[in-house]
Amino acid sequence: MPSVFFQTFGCQMNVADSDTLLQLLSQKGFILTSTPHEADLIVVNTCSVRENAEKRAVSRIAELSALCKSGDRELWVTGCMAERVGEDLKKKVPGVKRVIGAKQMDRVDEVVEEIFGDSNDQTSVFATNSVTDFVPVMRGCDNYCSYCIVPYVRGSEMSVPAELVEKSVREKVAQGIKEITFLGQNVNSYDYKGIDFPDLLEMVSAVDGLERIRFTTSHPKDCTEKLIKTLARIPSLCSHIHLPVQAGSNRVLSLMNRGYTREHYLSLIDLIRKHIPHADLTTDIMVGFPSETDKEFEETLSLASEVGYTQAFMFAYSPRQGTSAAKLSESITEQQKGERLRALIDLQTEITRKIYAQSVGKEIDVLVSGRQEKRDRMWIGQDKGCKRVLLACKDIDAGMILKARVVRSSGMTLIAERI
């Protein structure tokens with residue numbers, strides 16, 4: 001049987017796209033291999049969100065293309081960078097056989113049929129050993145944040161029909177999946193025949209055997225009280241909201257075209273705390289946006305302190321060709337960006353440590369996802385928020401939800417005992 005190797009860069013949507021392509025290839029007889037040297041087909045799924053992500057992907061593609069010189073294996077490049085660069089990628093890296101852009105992923109089944117024909121071996125469908133999985137509910141983005149390349153490489157927003165979302169969830173649950181994460185560039189804008197995102201969550205929460213539901217990413221400008229109340233009311237919805245803020249200054253938020261103010265964002269945080277006091281809040285924060293002043297950076301620090309995020313994804317601005325922000329004059333040096341990023345990371349690290357420390361002594365529900373491959377071979381899981389948990393106990397299996405008591409915190413991981 002032919003074999004395929006996947007290397008995926010970027011966000012969870014790329015992971016889900018790789019899984020979709022893997023399922024389709026498995027129906028054509030392919031089996032998954034863990035090393036490119038054993039593969040007949042190598043697939044690199046790429047990211048364009050930042051320049052460094054593209055550089056890493058190009059470096060890896062060039063490395064893997066060397067394995068394809070003999071002609072006995074093919075190299076495919078998919079995803080956002082594939083969409084942005086297109087067929088020019090073949091000129092940059094001659095070993096690339098096929099380029100499949102992100103916009104083609106909503107019809108990748110047709111692409112696979114065009115390549116391999118209509119022969120179908122349903123008995124070879126790849127089965128996951130995981131207890132968690134992703135289901136895309138939205139594709140594309142209409143927000144056009146001034147720094148972001150995503151709308152250009154993924155296209156306009158499209159809501160996946162609600163019945164197809166439910167069907168996908170039921171199929172995954174039948175395979176043993178216990179937790180589903182809904183994906184979209186902005187899940188809050190979901191709209192299919194009058195069904196909005198809270199309605200979709202309510203509908204899918206009724207699926208028997210589905211223990212937990214998560215979602216990402218939630219845009220502040222479309223985050224509603226209805227969504228927050230739905231999260232508070234339905235037990236299977238996790239108490240974790242990822243709400244990217246990007247900056248704490250109204251002027252910078254306006255330049256970013258984010259569609260909300262600092263005050264509106266903080267009012268959403270207050271609403272979440274009111275209805276879900278124990279919720280874990282996570283975010284994305286950017287520093288060094290063109291013309292950001294020292295005072296405006298301090299506003300970002302003060303917002304992070306005020307909200308108290310459990311975790312944050314923090315990064316320095318880098319221009320992306322084709323975005324409106326790329327036309328702005330960069331008045332901030334790379335050294336200043338680095339200093340601001342380090343200051344933000346130091347602040348957030350201390351906040352995260354304090355939040356994790358507050359969990360010591362408390363009882364939590366842990367979804368066990370697997371076991372450490374090295375070190376103490378402890379069981380790995382997650383609480384109903386976003387905290388990683390390690391358990392040292394016997395006679396359990398992945399997929400179980402256990403009651404546990406937190407005995408200590410490493411700062412970024414909870415260590416718990418089964419009750």
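Calculation criteria
Residues numbered from 1 in each chain as written. Predicted model: local features only at pLDDT ≥ 70, side-chain atom pairs only at ≥ 80, totals over all residues. Heavy atoms only, no water. pLDDT = per-residue confidence, 0-100. Contact = heavy atoms within 4.5 Å. Salt bridge = Lys/Arg side-chain N within 4 Å of Asp/Glu carboxyl O. Helix = DSSP H or I, 4+ residues; strand = E, 2+ residues; numbered from the N terminus. Phe/Tyr/Trp six-rings, centres within 6.5 Å; stacked < 30°, edge-to-face > 60°. Lys NZ or Arg CZ within 6 Å of the ring centre and 35° of its normal. Buried < 20%, exposed > 50% of the residue type's maximum accessible area, 1.4 Å probe, protein only. Pairing = 2+ DSSP bridges. Axes fitted to C-alpha atoms, helices over the stretch in contact; angles between N-to-C directions. Expected span 1.5 Å × (residues − 1).

### Structural notes on the confidence of the model for the protein
Summing up the model confidence of the protein, the mean pLDDT is 92 and the portion of residues at 70 or higher is 97%. Ignoring residues within four places in sequence, the model shows residues 122-126, a span with pLDDT below 50, making 12 contacts including any to other chains.

### Some thoughts on the pattern of salt bridges
Across all of its chains, the model carries 30 salt bridges by this definition. In this structure, the salt-bridge partner of Glu 179 is Arg 214, at a minimum N-O distance of 3.1 Å. With Glu 179 in strand β9 (residues 179-183) and Arg 214 in strand β12 (residues 212-216), this pair connects stretches of sequence that are 35 residues apart. Here the salt bridges do not stand alone but share partners, grouping Asp 17, Arg 139 and Arg 154 into one network.

### Points about the packing of aromatic side chains
Counted by the stated rule, this structure contains six aromatic pairs. Among the aromatic residues, those joined into a ring-pair cluster are Phe 30, Trp 76 and Phe 116. Over the ring of Phe 315 we find Arg 50, and its NZ or CZ is 4.3 Å from the ring centre.

### Quick word on unusual backbone geometry
Note the cis peptide between Thr 216 and Thr 217, where omega equals 5°. The topology assignment puts Thr 217 in the loop between β12 and α9 (225-233). The phi dihedral of Gln 246 falls on the positive side, at around 75°, and the residue is not glycine. For Gln 246, the position within the fold is in the loop between β13 (240-242) and α10 (250-255). Take Gln 246: its relative accessible area is 5%, and that puts it in the buried class. A positive phi is found at Asn 257, a non-glycine position, where the angle reads about 60°. Within the secondary structure, Asn 257 sits in the loop between α10 and α11 (262-275). Taking the relative accessible area as the measure of exposure, Asn 257 reaches 41% and is therefore partly exposed.

### Quick notes on the sheet that holds β12
Reading across from one edge, β6-β9-β12 is the order of the three strands in this open sheet, with parallel pairing throughout. Each edge of the sheet is formed by a strand with only one pairing partner; in this case those strands are β6 (132-136) and β12. Recorded for the sheet is a direction-independent mean angle of 25° between the axes of neighbouring strands. Bridge count for β6 against β9 is five bridges, and the pairing is parallel. From the neighbouring strand, Val 135 faces β9, where its bridge partner is Phe 182. Across the sheet, helix α8 (residues 197-204) touches β9 and β12, and the angle it forms with β12 is around 155°.

### Notes on helix α1 (residues 12-26)
Turn by turn, an α-helix covers 3.6 residues, leaving residues three or four places apart pointing in a common direction. Under the 1.5 Å per step criterion, the end-to-end length of α1 is 21 Å for 15 residues, consistent within 8% with the ideal 21 Å. Residues of α1 that are buried: Met 13, Asn 14, Ala 16, Asp 17, Ser 18, Leu 21, Leu 22, Leu 24, Leu 25 and Ser 26.

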